[in-house]
Amino acid sequence: MKISIERAALLRAVAQAQSVVERRNTIPILANVLIEAEGDTVTFRATDLDIEVLDKAPAMVERAGGTTVSAVTLHEIVRKLPDGALVALSEDSASGRLTVSAGRSTFSLATLPKEDFPVMASSEYATNFTAKAQVLRRLFDKSKFAISTEETRYYLNGVYMHVADADGGKVLRCVATDGHRLARIDADLPKAAEDMPGVIVPRKTVGEMRKLLDEDDMDIAVSVSETKVRFATPDITLTSKVIDGTFPDYTRVIPQNNTRKLEVDASEFAKAVDRVATVSSERSRAVKLQLDEDRLILSVNAPDSGAAEEELAVAYGDERLEIGFNAKYLLEIASQVDRENAVFLFNSSGDPTLMREGNDTSAVYVVMPMRV
Amino acid sequence: MPALCRDCLTRFDSGPRCPSCRRPRVVSHPELWDLTIAHMDCDAFYASVEKRDNPDLADKPLIIGGGRRGVVSTACYVARIRGVRSAMPMFKALQLCPDAVVVRPRMQVYAEVSRQIRTMMEEMTPAIEPLSLDEAFLDLSGTARLHGAPPAAMLARLVRRMRDELGLTGSIGLSHNKFLAKIASDLDKPHGFSVIGRAETQAFLRPKPIRLIWGVGEASQAALERAGIRTFDDLLRWDRKDLGARFGSMGDRLWHLARGEDRRRVTRNAPIKSISNETTFSEDTGDPEILDGHLWRMCEKVADRAKARGLAGRVVTLKLKKADFTLLTRRHALSDPTQIADRLYRTARALFDQVPGAGPYRLLGAGLSDLVPEAMADRAGDLLDPNAATREKAERATDAIRARFGEGAILKGRALR
């Protein structure tokens, strides 16, 4: 294999590859990126055996072929090359080295045979649809903060993407929860997505996929089977196994009869929560909300370190209520609100609280209170 | 040279026998009146309590431990002559000493006796650091005027009281720091009184093997041996910097210990770091029902102890020992610390379910660590487990019933498995 490729295209492909490969590996070739050249394109493939990313880039191919080299090393090299450089990659099968040269710099990298590179088995996808990048971005960006990191509940270590019934008909829905808070985000159902099986997209896949979604109007091809999910742009294809487990019935968790309504400016609220939480040194900082006629008092009382209180003018018309929350959870859900006021719906101080943006029910958050 | 009769507490100026009671149990040392840090270690504590309470056992080799499958927790001195040691597997102990009487430990009795000893020590000094039920460090600095007697005399009086009032013997190590006091108490067991003074510290330590250091186990010993360190003499030859570079924080401590220096204070109530409980089964089992019953009981005991101390833990640990003695431990950090047996059990159970293979196992244990005060625990509910709050209430109610009507007044069905 011998090719020349622009640094920018190479950098993008290798950056994507190196973030997929696991830093610590017992199988050496999994640290490598598979580079294959044919016609006038070169493809870069990297995998951690759960996720596979394939990136195509245009290149001048002098000699077709392929090899594998350390994704991290290649990325570091390309990153340090000057902007606009033309990079030549040439494989010497006799020495088993890949020579990388640009300008006056030359690098010689150890390779492993491409035949040993594990390629993810292709599978049949029951559902194929396209969605705009901005639609997927909203679905995942607004839900991913609630993904659990608890390995004992592995089925919560991802975003549950499925088709659901909402008030206005069927929707494409993403749900994530860690048992303390839950995010439920809806989008219009794309054509041909009606029969999509519900899948749990793992946390790492959500992070990798996010890199495909920067251009608002880009069409993303989504393919879903019971075991795999694939997101593709014209250049990049990301294939991932889904979490093999059953996502719990989250509908029971979403309170239906919370009637005590608080309306507050989300960013003022978040700033106030952040300020009062400063005095607490505990890992789970508890903030107390005291609600009374159009008045909200936020307070923290940490016996060892101090106390803080702040009052906010809000819209609240129900009876007095005192309820505590983990400050971090309040901040995270409040930061999801960007257009209108945050609307909180409470029941009692022991019951889950619901939060949404204005009257928009396409993004709903639930947070469990804590004893204060 | 100052001397003290350990029987009648007469202080005199050296001699093989007490001038007042003519008995030979005399301790003499040039620094006897000046040393203040002591370590008191009861002699074969559990076994001595059992022999005291059941005189039939007095002359028999006695082993305290759990069943045929457990380990020896204490062996009396008769059994020790036959080679039985603490922590030895019971089957091995019984090979060495087939006529031994094995008695199951009665922890509550030992705890009560321990409290009685503690009360006696409290009369001597507030600076007591218990290491377990049967041993403690005492700092008697500055108490000579109060008691009208130097620490050595007070300590001799303590063991005499233990013998007279409780029917138990203990050994005293007296020195100028904890490290040496602990070594000293072991020199003249049982019913001993050993003194390591400042003047002879270096000479005493030099030829001794470094395994004398409390906390240097087999692994550290091997690491030290690789560096050519077997005795304190070897250790003395090392430069402080080199020790630090090779052994990290332990290196600096070793450098000081080599010189008989130990600046740790005798601290009352060193905070507990973890609460755990484990059980060795009478026979290996892979039966999920039986294991589940054991797991529940272990979790309940841990939770009971946490509640009794007003503590809760963030990290749940599951410990399993396979039939071939390989040890498996699994940990899980909770986002909300707990002292509730139900939560502890459910977390440990999830860890258990993720262990590949079905056993059989010989031991199971559960523990809580990363402890916090109970006020900071069990504050957050679980969205996905709305019944957790109800179960917690039921557990608190159960606790109240047990507190009033006794341990067995109410049990979970799974406790009977």
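Residues numbered from 1 in each chain as written. Chains lettered and ligands numbered in written order. Predicted model: local features only at pLDDT ≥ 70, side-chain atom pairs only at ≥ 80, totals over all residues. Heavy atoms only, no water.

Observations concerning the overall build of chain A
Consideration 1: Within chain A one finds six helices and 26 strands.
Consideration 2: When burial is assessed residue by residue, chain A has 53% of its 372 residues classed as buried.
Consideration 3: Sequence separation of at least 24 residues holds for 67% of the intrachain contacts in chain A that already meet a minimum separation of 6.
Consideration 4: Side chains of chain A carry 45 positive and 58 negative charges; the gap between the two charge centres is 4 Å. (Helix = DSSP H or I, 4+ residues; strand = E, 2+ residues; numbered from the N terminus. Buried < 20%, exposed > 50% of the residue type's maximum accessible area, 1.4 Å probe, protein only. Contact = heavy atoms within 4.5 Å. Lys, Arg positive; Asp, Glu negative; His and termini not counted. Charge placed at Lys NZ, Arg CZ, Asp CG, Glu CD.)

A short note on the nonpolar core
Consideration 1: Judged by nonpolar contacts, the single largest core of 102 residues is most densely connected at A:Phe140, A:Met161 and A:Phe269.
Consideration 2: The biggest single contributor to this core is helix 5 (residues 266-277) of chain A, with seven residues.
Consideration 3: Those residues within four positions of A:Phe140 in sequence are excluded, and the remaining contacts are A:Val159, A:Met161, A:Cys174, A:Val201, A:Val206, A:Met209 and A:Phe231.
Consideration 4: B:Phe45, B:Tyr46, B:Ala47 and B:Tyr110 belong to the second-largest nonpolar core, a separate cluster that totals 54 residues. (Core = buried A, V, L, I, M, F, W, Y, C linked by side-chain atoms within 4.5 Å.)

Focus on the pairing of strand 6 (residues 65-70) of chain A
For a regular strand, side-chain orientation follows a simple rule: the groups alternate between the two sheet faces.
Consideration 1: The pairing of strand 2 (residues 32-38) of chain A with strand 6 of chain A spans six bridges and is antiparallel. By the bridge assignment for strand 6 of chain A, A:Asn32 is matched with A:Ser70. (Pairing = 2+ DSSP bridges.)

Some words on the sheet that holds strand 20 (residues 295-302) of chain A
Residue and element names in this part refer to chain A.
Consideration 1: As summarised here, the arrangement of the four strands in space is 21-20-19-23, forming an open sheet in which the pairing is antiparallel. Here the strands that pair on one side only, and so sit at the sheet edges, are strand 21 (306-313) and strand 23 (321-326). Geometrically, the sheet is characterised by an average inter-axis angle of 20° between neighbouring strands, direction not taken into account.
Consideration 2: Where strand 20 lies against strand 21, eight bridges are found, and the strand directions are antiparallel. When the sheet's bridge partners are listed, Val 300 is paired in strand 21 with Ala 308.
Consideration 3: Across the sheet, helix 6 (residues 327-334) is in contact with strand 19 (286-292) and strand 23; its angle to strand 23 comes to roughly 90°. (Axes fitted to C-alpha atoms, helices over the stretch in contact; angles between N-to-C directions.)

A closer look at the side chain of A:Thr152
Consideration 1: Along the chain, A:Thr152 turns up in the loop between helix 3 (133-141) and strand 11 (158-166).
Consideration 2: Look past the residues within four positions of A:Thr152 in its chain and what remains in contact with it is B:His332, B:Ala350, B:Leu351 and B:Gln354.

Points about the UniProt feature "domain: DNA polymerase III beta sliding clamp central" (unreviewed entry) in chain A
Consideration 1: In this structure's numbering, the residues bearing the UniProt feature "domain: DNA polymerase III beta sliding clamp central" (unreviewed entry) are residues 133-249 of chain A.
Consideration 2: End-to-end, the C-alpha atoms of residues 133-249 of chain A are 28 Å apart, and along that stretch the chain is 15% helix and 40% strand. (UniProt positions renumbered as here; feature names shortened; annotations may be inferred.)

Points about the pattern of salt bridges
Residues and elements named next belong to chain B.
Consideration 1: Taken as a whole and assessed by the stated rule, the structure comprises 72 salt bridges over all chains.
Consideration 2: For the salt bridge of Asp 53 with Arg 52, the shortest nitrogen-to-oxygen distance reads 2.9 Å.
Consideration 3: Among the residues examined, Asp 53 registers a relative accessible area of 37% and is labelled partly exposed.
Consideration 4: In this structure, Arg 343 engages Asp 336 in a salt bridge whose closest nitrogen and oxygen atoms are separated by 3.5 Å.
Consideration 5: Look at Asp 336 and you get buried, because its relative accessible area is 2%.
Consideration 6: The network of salt bridges with common partners includes Glu 300, Asp 304, Lys 307, Glu 395, Asp 399 and Arg 402. (Salt bridge = Lys/Arg side-chain N within 4 Å of Asp/Glu carboxyl O.)

Here we look at the interface of chain A and chain B
Consideration 1: Contacts between the two partners involve 24 residues from chain A and, on the opposite side, 19 residues from chain B.
Consideration 2: Taken together, both faces of the contact between chain A and chain B bury some 1,900 Å²; the carbon and sulfur share is 53%.
Consideration 3: In this structure, the salt-bridge partner of B:Asp382 is A:Arg153, at a minimum N-O distance of 3.0 Å.
Consideration 4: Linking chain A with chain B are seven residue pairs in polar contact (both at pLDDT 80 or more).
Consideration 5: Tallied by class, residues from the side of chain A that touches chain B come to eleven nonpolar, five polar and eight charged. (Buried area = accessible area lost by both parts, 1.4 Å probe. Polar contact = N/O pair within 3.5 Å; in protein donor to acceptor, adjacent residues only side chain to side chain. Nonpolar A, V, L, I, M, F, W, Y, C, P; charged D, E, K, R; others polar.)

Describing the layout of surface pockets
Consideration 1: When its volume is computed, the second largest pocket comes out at roughly 1,300 Å³.
Consideration 2: Taken together, 46 residues make up the lining of the second largest pocket; nearest its centre are B:Ala380, B:Gly381, B:Asp382, B:Asp385 and B:Ala388.
Consideration 3: The set of elements that each furnish at least two residues to the lining of the second largest pocket consists of strand 23 of chain A together with strand 14 (327-338), helix 14 (341-353) and helix 15 (388-405) of chain B.
Consideration 4: No other element matches the seven residues that helix 14 of chain B contributes to the lining of the second largest pocket. (1 Å grid on protein atoms, 1.4 Å probe; cavity = no way out; pocket = protein on both sides within 12 Å on 5 of 7 lines; lining within 4 Å. Points joined across faces, edges and corners; volume = space filled by probe spheres on them.)

Side note on the UniProt feature "binding site: Mg(2+)" (unreviewed entry) in chain B
Residues and elements named next belong to chain B.
Consideration 1: In the UniProt entry, the feature "binding site: Mg(2+)" (unreviewed entry) is given for Asp 41 and Asp 134. These annotated residues cover 94 residues of sequence, and their C-alpha atoms lie no more than 6.0 Å from one another, placing them together at a single site.
Consideration 2: Of note, Asp 41 is situated in strand 4 (residues 37-42).
Consideration 3: For Asp 41, a relative accessible area of 13% gives the class buried.
Consideration 4: In this structure Asp 41 touches Asp 134, Glu 135, Gly 170, Ser 171, Ser 185 and Lys 189, once residues within four positions along its chain are discounted.
Consideration 5: In this fold, Asp 134 is placed in the loop between strand 8 (128-132) and strand 9 (135-139).
Consideration 6: When sequence neighbours within four positions are dropped, the list of residues in contact with Asp 134 reads Met 40, Asp 41, Cys 42 and Phe 45.

Structural notes on the UniProt feature "site: Substrate discrimination" (unreviewed entry) in chain B
All names here are of chain B.
Consideration 1: Per the UniProt record, the feature "site: Substrate discrimination" (unreviewed entry) sits at Tyr 46.
Consideration 2: Topologically, Tyr 46 is positioned in helix 1 (residues 45-53).
Consideration 3: Note on Tyr 46: relative accessible area 15%, which makes it buried.

Examining empty space enclosed by the protein
Consideration 1: In total, this model carries three cavities of 30 Å³ or more according to the counting rule given.
Consideration 2: Quantified by volume, the largest cavity comes out at close to 80 Å³.
Consideration 3: Lining the largest cavity are A:His180, A:Ser284, A:Asn326, A:Tyr329, A:Met368, A:Met370, B:Ser335, B:Asp336 and B:Ala380.
Consideration 4: Within this model, the second largest cavity holds a volume of roughly 50 Å³.
Consideration 5: Lining of the second largest cavity is provided by B:Met120, B:Glu123, B:Met124, B:Met154, B:Arg157, B:Leu158 and B:Arg161.
Consideration 6: Top contributing element to the lining of the second largest cavity by residue count: helix 6 (residues 151-166) of chain B, with four residues.
Consideration 7: A class-by-class count of the residues in the lining of the second largest cavity yields four nonpolar, no polar and three charged.

Here's the deal with the packing of helix 13 (residues 288-309) of chain B against helix 15 of chain B
To describe two helices that pack against each other, one gives the angle between their axes and the distance between the axes.
All names here are of chain B.
Consideration 1: Interaxial distance between helix 13 and helix 15 falls to 13 Å at its minimum, and their mutual angle equals 75°. Between helix 13 and helix 15, the crossing angle belongs to the class labelled roughly perpendicular. The residues of helix 15 that touch helix 13, namely those facing Glu 300, Asp 304 and Lys 307, are Glu 395, Arg 396, Asp 399 and Arg 402. (Parallel < 35°, antiparallel > 145°, perpendicular 65-115°, else oblique.)

So, the packing of aromatic side chains
Consideration 1: Enumeration over the complete set of coordinates arrives at 14 aromatic pairs over all chains.
Consideration 2: For the pair A:Tyr160 and A:Phe247, a centre-to-centre distance of 4.8 Å together with 15° between the ring planes defines the contact as stacked. With A:Tyr160 in strand 11 and A:Phe247 in the loop between strand 17 (236-241) and strand 18 (260-264), this pair connects stretches of sequence that are 87 residues apart.
Consideration 3: Each member of the aromatic cluster is reached from another via a ring pair, and the members are A:Phe269, A:Phe325, A:Phe344 and A:Phe346.
Consideration 4: Geometry around B:Tyr77 places B:Arg80 over its ring, the cationic atom sitting 4.6 Å from the centre. (Phe/Tyr/Trp six-rings, centres within 6.5 Å; stacked < 30°, edge-to-face > 60°. Lys NZ or Arg CZ within 6 Å of the ring centre and 35° of its normal.)

Here we look at the pairing of strand 23 of chain A
Residue and element names in this part refer to chain A.
Consideration 1: Of all six residues making up strand 23, five are buried, and the element is well covered by its neighbours.
Consideration 2: Judged from the six bridges that link them, strand 19 and strand 23 form a sheet pairing that is antiparallel. Within the sheet, the bridge partner assigned to Gln 290 lies in strand 23 and is Glu 322.

Concerning helix 12 (residues 249-258) of chain B
The α-helix winds at 3.6 residues per turn, so residues separated by three or four positions along the chain end up facing the same way.
Residues and elements named next belong to chain B.
Consideration 1: Listed as buried for helix 12 are Gly 251, Leu 254, Trp 255, Leu 257 and Ala 258. Taken around the axis of helix 12, the buried residues stretch over an arc of 165°, which confines them to a single face.
Consideration 2: Where the residues of helix 12 are buried, they touch helix 7 (178-185), helix 8 (201-205), helix 9 (218-226), helix 10 (232-236) and helix 11 (240-247).
Consideration 3: Just downstream of helix 12, Gly 260 is the residue with a positive phi angle, here 70°. (Arc of directions from axis to C-beta.)

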